[in-house]
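Inside the fold
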Amino acid sequence: MTSALTTIAERVRERVRLDGVDLATDRELTARYVHDEVRRYSERALGGSVPLLADEAQATREIVATLTGYGPLQVLFDDPDVEEIWINGPQEVFAARGGISELTGIHLTDIEVRDLVERMLQSSGRRVDLSSPFVDASLPDGSRLHVVIPDITRRHWAVNVRKFSRRVRDLHHLVVSGSLSQQAADYLRMCVLAGSNILVCGATQSGKTTMIGALLAASRPTDRVVTVEETFELAQGTRDTIAMQCRQPSLEGTGEVTLRRLIKESLRMRPDRLVVGEVREAESLDLLIALNSGLPDNVMAQYTHDRHTEGRDLLPHQPRPRRRRPRRRPPGS
């Protein structure tokens, strides 16, 4: 921000401290406070004591984003065409639109990047520090945050935000967008209603979570759904839904809740349908055990695989045909 915007933002913060209000829960109140301070600043600027603002409306939006949103990144969060945002360094802020990445003109400082990450993590209760240099968290709008800090990275904090898309809510939206044919959508809907096991495979950002969300929307309204994820991403499919996510260990190294533990606990919650957000490691064994423990055959799982395997390692291996041994001729023949 410019020095003028910084001055206005500090005056707003001072007024908030004096009034004892919380701007994080009331965006309209924030806009009113900022509008009042911008107007007072403009009056002083007309007297020549401070520089004039080029655009008061734009200044108001930027200050509101700084106080309650994600600062310079808020314009990317507000853009519905932006699918993903990532930061390689303070001067390297990228965004993806339509699957195509572009370098934005947003420039930050190292301190601003850290402040943005702390603000994003505030609602999740998770942390990132030297003892835990990686963090996955969900933002209030459903977007997924991933952060890696030095010395795991070479120099700067690496931040990635995958925005939560609300455009696709069911299989019909996938048909309208051209991702599925009507015949395929009808078949998948019948699989869900029949209680079939469904495994959704795909590479990163291929739409696995979107597909599972659309499949959940096809569930019966009376189904009891239990979802287990590393971080909350899936939208609730029915009125009877319980969502659980993993938990990081504390500073003492205790209190961690893994995906394996969540799968085991979910079996005690009377699920009609169990949804496992991602299956990568040992939790695949617990998922198979769940299927053999009396759980109805209606598990949805998301599996991230290498693009070269195409999921072939999930298929049962067919026995190789046995080679016929050549007949031995009797001696003397």
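Position numbers for residues start from 1 in each chain and track the written sequence from start to end. The predicted origin of the model limits local features to residues at a pLDDT of at least 70 and limits the giving and counting of side-chain atom pairs to 80 or more, whereas totals for whole chains, interfaces and linings rest on all residues. Note that water and hydrogens are dropped before the side-chain values are worked out from all heavy atoms of the structure.

Before going further, it helps to examine helix 3 (residues 56-68). Secondary structure is summarised from DSSP: a helix means a run of H or I of at least four residues, a strand means a run of E of at least two, and numbering begins at the N terminus for each. The span expected for a helix works out to 1.5 Å for each residue beyond the first. In a regular helix each residue adds 1.5 Å, so 13 residues correspond to 18 Å; helix 3 covers 18 Å between its end C-alpha atoms and thus fits that length. Among the residues making up helix 3, those that are buried are Ala 59, Thr 60, Ile 63, Val 64, Ala 65, Thr 66 and Leu 67. Contacts between residues were defined by any pair of non-hydrogen atoms, one from each residue, lying within 4.5 Å. Against the buried residues of helix 3 lie helix 1 (3-19), helix 2 (27-46), helix 4 (74-78) and helix 5 (110-122). Here a polar contact is taken to be a pair of N or O atoms separated by no more than 3.5 Å, where protein atoms must pair a possible hydrogen donor with a possible acceptor and residues adjacent in sequence count only if both atoms sit in side chains. For helix 3, the side-chain oxygen to backbone nitrogen distance between the N-cap and Ala 57 is 3.1 Å, and the N-cap itself is Asp 55. Categorising residues by exposure relies on relative accessible area from a 1.4 Å probe, with only protein chains included: less than 20% of the type maximum marks a residue as buried, more than 50% marks it as exposed, and the intermediate range marks it as partly exposed.

What follows deals with the confidence of the model for the chain. Known as pLDDT, the predictor's per-residue confidence is scaled from 0 to 100. Taken residue by residue, the chain gives an average pLDDT of 83. The fraction at 70 or more is 86%. Low pLDDT, under 50, characterises residues 307-324; the predicted model gives this stretch 6 contacts beyond four residues in sequence or across chains.

Quick look at the pattern of salt bridges now. Salt bridge, as applied in this entry: a Lys or Arg side-chain nitrogen positioned within 4 Å of an Asp or Glu carboxyl oxygen. All told, the structure shown has 21 salt bridges when counted by the stated rule. Through salt bridges with shared partners, a single ionic network connects Asp 136, Arg 144, Glu 230, Glu 233, Glu 278 and Arg 280.

As a further point, take the sheet that holds strand 4 (residues 134-138). Sheet strands associate in pairs through backbone hydrogen bonding, adopting either a parallel or an antiparallel arrangement. In this analysis, strands are considered paired if DSSP registers two or more bridges between them. Read from one edge of the open sheet, 6 strands run 3-2-1-6-5-4, paired in antiparallel fashion. Of all strands in the sheet, those with a lone pairing partner are strand 3 (100-103) and strand 4, marking the two edges. Averaged over all neighbouring strand pairs, the angle between strand axes comes to 15°, with direction disregarded. Comment: axis = line fitted to C-alpha atoms, over the contacting stretch for helices; angle = value between 0 and 180 degrees taken between N-to-C directions.

Bringing unusual backbone geometry into the picture now. Apart from glycine, the bulk of residues carry a negative phi angle, and the bulk of peptide bonds sit in the trans form. Residues Pro 150 and Asp 151 are joined by a peptide bond in cis, for which omega reads 10°. Tracing the backbone shows Asp 151 in the loop between strand 5 (144-148) and strand 6 (158-162). Although it is not a glycine, Arg 270 sits at a positive phi angle of roughly 50°. When you line up the elements, Arg 270 lands in the loop between helix 9 (259-266) and strand 10 (273-279). Overall, Arg 270 belongs to the exposed group, its relative accessible area being 61%.

Moving on to empty space enclosed by the protein. Using protein atoms alone on a 1 Å grid, points that fit a 1.4 Å probe yet trap it form a cavity, whereas open point sets bounded by protein on both sides within 12 Å along at least five of seven lines form a pocket; residues with an atom within 4 Å of a point count as lining. Grid points are joined across faces, edges and corners, and a volume is the space filled by probe spheres set on the points. Following the criterion strictly, the structure yields 1 cavity of 30 Å³ or more and no others. What lines the largest cavity is a set of 10 residues, and nearest its centre among them are Arg 144, Glu 229, Glu 233, Gly 277 and Glu 278. Residues that form the lining of the largest cavity fall into these classes: 1 nonpolar, 4 polar and 5 charged. For this classification, Asp, Glu, Lys and Arg are treated as charged, while Ala, Val, Leu, Ile, Met, Phe, Trp, Tyr, Cys and Pro are nonpolar and the rest, including Gly, are polar.

Within the element layout of this structure, Arg 15 appears in helix 1. We classify Arg 15 as partly exposed; its relative accessible area is 23%. Residues Arg 15 and Glu 37, 22 residues apart in the sequence, show an inter-C-alpha distance of 9.5 Å. Here Arg 15 is in contact with Tyr 33, Asp 36, Glu 37 and Arg 40, once residues within four sequence places are set aside.

What follows deals with helix 2. Taking 1.5 Å of rise per residue, 20 residues should cover 28 Å, and helix 2 covers 28 Å from first to last C-alpha, within 8% of that figure. Of all the residues in helix 2, the buried ones are Leu 29, Thr 30, Tyr 33, Val 34, Asp 36, Glu 37, Val 38, Tyr 41, Ser 42 and Ala 45. Looking at the packing, one finds that the buried side of helix 2 touches helix 1 and helix 3. At the exit of helix 2 stands Gly 48, carrying a positive phi of roughly 90°.

Before going further, it helps to examine the pairing of strand 6. A one-sided burial pattern is seen for strand 6, the buried positions being Val 159 and Val 161 and the unburied ones Ala 158, Asn 160 and Arg 162. Where strand 1 (residues 82-89) lies against strand 6, 4 bridges are found, and the strand directions are antiparallel. Directly across from Glu 84, in strand 6, lies its bridge partner Arg 162. Across 5 bridges, strand 5 lies against strand 6 in antiparallel orientation. The residue of strand 6 that forms the bridge with His 146 is Asn 160.

For the rest of this paragraph, the subject is the packing of helix 1 against helix 2. Any two packed helices are characterised by how steeply their axes cross, that is the angle between the axes, and by the distance between the axes. At a minimum axis separation of 9 Å, helix 1 and helix 2 run at an interaxial angle of 130°. In terms of orientation, helix 1 lies oblique with respect to helix 2. Between helix 1 and helix 2 lies a crossing whose hand is right-handed. Within the contact between the two elements, helix 1 uses Ala 4, Ile 8, Arg 11, Val 12, Arg 15, Val 16 and Asp 19 and helix 2 uses Tyr 33, Val 34, Asp 36, Glu 37, Val 38, Arg 40, Tyr 41 and Arg 44. Across the contact of helix 1 with helix 2, the residue classes tally to 8 nonpolar, no polar and 7 charged. In what follows, roughly perpendicular refers to angles from 65 to 115 degrees, roughly parallel to angles under 35, roughly antiparallel to angles over 145, and oblique to any angle outside these ranges. It is the rotation of the near helix from the far one that decides the hand of a crossing: anticlockwise by less than a right angle makes it left-handed, clockwise makes it right-handed.

Centre distance within 6.5 Å is the pairing criterion for rings of Phe, Tyr and Trp, where only the six-membered ring of Trp is used; planes under 30 degrees apart are then read as stacked, over 60 as edge-to-face, and the remainder as tilted. Here the structure, examined in full by the defined rule, presents 2 aromatic pairs. With a centroid separation of 4.7 Å and an interplanar angle of 45°, the aromatic rings of Tyr 70 and Phe 77 are classed as tilted. The class for Tyr 70 is buried, based on a relative accessible area of 13%. Look at Phe 77 and you get buried, because its relative accessible area is 11%. Between the NZ or CZ atom of Arg 15 and the centre of the ring of Tyr 33, over which it lies, the distance is 4.0 Å. A ring has a charge above it when a Lys NZ or an Arg CZ is no more than 6 Å from the ring centre and no more than 35 degrees off the ring normal.

Now for the pairing of strand 8 (residues 224-229). Taken across its 6 residues, strand 8 has 6 buried, putting it largely inside the fold. A two-sided burial pattern is seen for strand 8, the buried positions comprising Arg 224, Val 226 and Val 228 on one face and Val 225, Thr 227 and Glu 229 on the other. Taken together, the 6 bridges between strand 8 and strand 9 (residues 240-245) define a ladder with parallel strand orientation. Its bridge partner lying in strand 9, Thr 227 is registered against Ala 243.

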